[in-house]
Amino acid sequence: MNERLLRLTGAVTAVYGFAVARRPGLLARPSGIAGPDGSVPADVAACLRPLAFRDAACGLAMVLAPDASALRTATLLRIAADLGDAALLATALPKRRHRTMAVAVSVGWAALSAAGLLARPLADAGHAAHEPERHGPPRRRPRGTGPRRAAGNLSR
């Protein structure tokens, strides 16, 4: 898992969510659900704001997750929300070009999050990121438990 990518994705998601909650036109216009003059009808804004706050909450959960398990859970919620958006918007938006764009964007964000989950951790200063930093001398196996001796003991 690439925590840095996931937390960055969460931060961008949160900022965008709060921006759309404040200005629903940021989502309504590209989706083709704004008025002919570009204004956002009150009922459309009322429908978009809960989605925007959901995105903001998921993004904040990704940024503030205290450990890898919580980050993984928050990211899975983000992916589920994005795929749900894609499924809904694929049929709900008025024009084909808007549906295609909305699905591409939703699936793209889900794919970015999935890539962050599946990515290998970044190496840090020559150490593998998935290995905890150890202090003191390296651990040694007890005598007679190494691969060669264990195999030798079985054949006797």
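Residues numbered from 1 in each chain as written. Predicted model: local features only at pLDDT ≥ 70, side-chain atom pairs only at ≥ 80, totals over all residues. Heavy atoms only, no water.

> What's the story with the pattern of salt bridges in this structure? I'm lost.
Pairs may arise between side chains of opposite charge once their charged atoms sit close together. Tallied over the entire structure, the rule returns five salt bridges. Between Glu3 and Arg7 there is a salt bridge; the shortest N-O distance is 3.7 Å. Placement of the pair is Glu3 and Arg7 together in helix H1 (residues 3-22), with a separation of four residues, close to one helical turn. In this structure, Arg54 engages Asp85 in a salt bridge whose closest nitrogen and oxygen atoms are separated by 2.6 Å. Residue Arg54 is found in helix H3 (residues 42-64), and its partner Asp85 is found in helix H4 (residues 68-92); the two are separated by 31 residues along the sequence. Given a relative accessible area of 25%, Arg54 falls into the partly exposed group. Where salt bridges share partners, they join Arg54, Asp55, Arg78, Asp82 and Asp85 into one cluster. (Salt bridge = Lys/Arg side-chain N within 4 Å of Asp/Glu carboxyl O. Helix = DSSP H or I, 4+ residues; strand = E, 2+ residues; numbered from the N terminus. Buried < 20%, exposed > 50% of the residue type's maximum accessible area, 1.4 Å probe, protein only.)

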